[in-house]
Amino acid sequence: MPDRKTLFKPYHHPAGGWGAVKATAKALLEQSVVSKGSRALLAMNQPGGFKCPSCAFPDPTRHKKVEFCENGVKALAVEATKKRVTRTFFAEYPVSELATKSDYWLEEQGRLTEPMRYDPKTDHYVPCSWQEAFDLIGNHLRRLESPDQAEFYTSGRTSNEAAFLYSVFVRAFGTNNFPDCSNMCHEPTSRGLPAAIGIGKGTVVMDDFDHAEAIFIVGQNTGTNSPRMMGLLAHARKRNVPIVVVNPMPERALIRFAEPQDPVMMATGGSTAIATEFVHIRIGGDLAFFKGMMKALFERDEAGENVLDHDFIEKHTEGFAALREEVMQQDWEAIERISGIEKAQILRTASIYARSNASIICFGMGITQHQQGARMIQQLAAFLMLRGNFGKRGAGIAPIRGHSNVQGDRTVGIDEKPTQAYLDRLRDVFGFEPPRTHGHHAVDSVEAMLAGTARVFIGMGGNFIHAIPDTPRGYEAMQRLDLTVGIATKLNRGHIVHGRNALILPVISRSEIDRQATGEQFVTIEDAMSNVTASRGVLEPASPDLLSEVAIVCGMAQVTLPDSTIPWSLFQTDYGLIRDRIADVYPGIYADFNARIRNKQGFHLDIPPRRREWKTPSGKAQFLVFPGLEVDDHVENNDMLRLSTIRSHDQFNTTIYSMNDRYRGVYNTRMVVFMNEEDMQERGLEQEMVVSLETLSTDGITRRVQNLVAIAYPLPRGAIAGYYPELNPLLPLNHYDEISGTPAAKSIPVRVHSSARAP
């Protein structure tokens, strides 16, 4: 346990500012890449350079000489680090000893340098050649009784080119088992929005933020998860645009923000107040809050006020009457109780919306990671439809996605539920009959491992074992497998918790030069607003023994499918050929791919709702009814608290940059639980007392995390929060959104047990 004096110290400064500058310099210094990293930063998110390996937020329409944030620098620094994990390292540490190390320690060892194979006799990873690695993969895959006994995971860092080839390889092998990082975050967007507006993507582009008259930020910690978005919000506030923030935790960046690239602000110590209205919602109270605002609009409409866009509703939508009837049945007392928000504030925020002629709703995993996350997103779409906020400048819905190409991977084929039309095109372009039955998403894949029906797991990036719920069961699942393959830049837990046979395959990073037989190659990514841009690395690879993602996919395919007529070797040497095939399979959105990507700014994929075209069965947008006010199952327990797992400011997904969380004032530890002060007093808890959390499970499995330090924090009554992935053991595998399968990590029913005071 750390010294109590260094554990918690509230942070009162604006987000960004000099704190971000200092953190940036520190990240480069710690990885010994000040000069190298600084040069690379000038090429990050720039035309002709490479795309940030962290968040999926788009590049600005206004060109700036530097376009990176604090967390982007950290992501680059750990990729460009001088630290190396060599065969000497693996000879020194048996896997059993590595298993005792923290995730932070594992990643801090540096870049992987050559293929490694697990030797069960010595409990060490030992070097192997690339051909030996590919042969081992091919032998295991070909020996399976069914292709469906293999799981093929994809991380959002995977490029469009690599993801497309991966999807072709796996379907040529014979399965649609594509657990993907999107299954853990924005899958409710992909599965929920199409029924409402005909597409599972956002409808907003960067220019819309310059013309919005109101912006709602719902369930999203912008300053940590998408820091480059903060500049847009700051500019909006300078135009006096109201920004409504809906969140159980008051986040520092959405209170005050100092833009590090604003010389006047930095020189004068100035900052911008971001949130004009902070809605301190209960965990799971978003549906009640938005239905409250809809009810307020309907009541005003009945009173003769012109607050609804009846012309848009009549011409472009269906289901309005049913939605209105259901919302009007909701009682104001229940709305207040379940949302945790007083009627007066609900009416006030509804008025902000009613006065705006162009409104944007941005949302994150605070919305998606609930048991009814997909249906909640449909209600956000309905709320926007009431005032015609689709298909006009400055308006629309904006899912703020995490990993930098998680949306692009989905677009080019990483989908366990592919459409029949897509499969027909794949057949026609590549000359094989793809599997037609749906495959596994992330939760399905773990269940298959536990059941013994999955035998091989191949992870294209990421840290699957610590991203999934139910960590102890996840460990058990992975260790039952015959073969696990981790394709990665750095060591992580997924290499330590492995099958009977295991491979670590080191890959070049996005910031590194990709040289193939026909010359230097570039890849493409799709950001969260459907912009497709090129990414070309500028640094020398960390080791001469690294391969690109594309080369690894082609190597696996050639050995696994020796009779394939697909020209894998040609694709490896010339990525332009891959883009030609993407254009063939997706002629509508990717036509003339190679020609269009020559534009240094890239191009925007077609989003029909932007022109008020709806790819729904009826050709109209749908007001979908979601009865009631709850997005999570009710739990009968007076002691119950709702736990939301969160990321620290020094973290990206499962990658931990340090043990600190500057904006929340936590230092030298991640084993904390944030609690409402009254909830603590009610349970006899004091500041920095050691507690444990236990899940109120329904399946008879005991789930508990111990040695957590309780910290009083401004959360609503009944809400607590703690860090992911440390608290993933509390999240049951069967606690997920019923439409998408996304784990409900933002609303885990738990109870708190007191233990002792921290020393």
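As a reminder, the structure under discussion sits directly above these lines.
Residues numbered from 1 in each chain as written. Predicted model: local features only at pLDDT ≥ 70, side-chain atom pairs only at ≥ 80, totals over all residues. Heavy atoms only, no water.

> Whenever I open this one, the overall build of the protein chain confuses me. Can you help?
The helix and strand inventory of the protein chain stands at 32 helices and 31 strands. The C-alpha extent of the protein chain, read off along each of the three principal axes, is 75 × 65 × 60 Å. In the protein chain, buried positions account for 65% of the 759 residues. Within the protein chain, counting contacts between residues at least 6 apart in sequence, those at least 24 apart form 78% of the total. (Helix = DSSP H or I, 4+ residues; strand = E, 2+ residues; numbered from the N terminus. Buried < 20%, exposed > 50% of the residue type's maximum accessible area, 1.4 Å probe, protein only. Contact = heavy atoms within 4.5 Å.)

> Can you walk me through the sheet that holds strand β11 (residues 277–279) in this structure?
Adjacent strands of a sheet pair through backbone hydrogen bonds, lying either parallel or antiparallel. Strand order in this open sheet of five strands is β11-β8-β7-β13-β14, and the pairing throughout is parallel. Each of the sheet's edge strands pairs with one partner strand only, and the pair in question is β11 and β14 (396–399). Strand-to-strand twist in this sheet, taken as the mean axis angle between neighbours without regard to direction, amounts to 15 degrees. As defined by bridge partners, strand β13 (residues 359–363) adjoins β14 across four bridges and the pair is classed as parallel. Each residue of the ladder has a partner; that of Cys 362, found in β14, is Ala 398. The strands touched by helix α15 (residues 286–302) within the sheet are β7 (214–218), β8 (243–246), β11 and β13, with β7 carrying the most contacts at an inclination of about 155 degrees. (Pairing = 2+ DSSP bridges. Axes fitted to C-alpha atoms, helices over the stretch in contact; angles between N-to-C directions.)

> Please clarify how helix α18 (residues 332–339) should be interpreted in this entry.
For an α-helix the count is 3.6 residues per turn, leaving residues at separations of three or four pointing the same way. Buried within α18 are the following residues: Trp 332, Ala 334, Ile 335, Ile 338 and Ser 339. Buried residues along α18 cover an arc of 160 degrees about the axis, so they all sit on one side. Buried residues belonging to α18 abut α15 and α19 (343–355). Taking the backbone nitrogen of Glu 333 as reference, a side-chain oxygen 2.9 Å away marks Asp 331 as the first, capping residue of α18. The first or second residue beyond α18 is Gly 340, which carries a positive phi of 80 degrees. (Arc of directions from axis to C-beta. Polar contact = N/O pair within 3.5 Å; in protein donor to acceptor, adjacent residues only side chain to side chain.)

> I keep staring at the packing of aromatic side chains and nothing clicks. Help me out?
Evaluated as defined, the whole model comprises 31 aromatic pairs. Each ring, one from Phe 312 and one from Trp 614, has its centre 6.1 Å from the other, and the planes form 80 degrees; the classification is edge-to-face. Highlighted residues: Phe 312 in helix α16 (residues 310–316) and Trp 614 in the loop between β22 (603–604) and β23 (621–622), separated in sequence by 302 residues. By the ring-pair criterion, three or more aromatic residues cluster together here, those being Phe 89, Phe 90, Tyr 93, Trp 105, Tyr 118 and Tyr 125. In this structure, Arg 579 packs its charged tip against the face of Phe 522, placed 4.0 Å from the ring centre. For Arg 596, the ring lying beneath its charged end belongs to Phe 603, and the centroid distance is 4.0 Å. (Phe/Tyr/Trp six-rings, centres within 6.5 Å; stacked < 30°, edge-to-face > 60°. Lys NZ or Arg CZ within 6 Å of the ring centre and 35° of its normal.)

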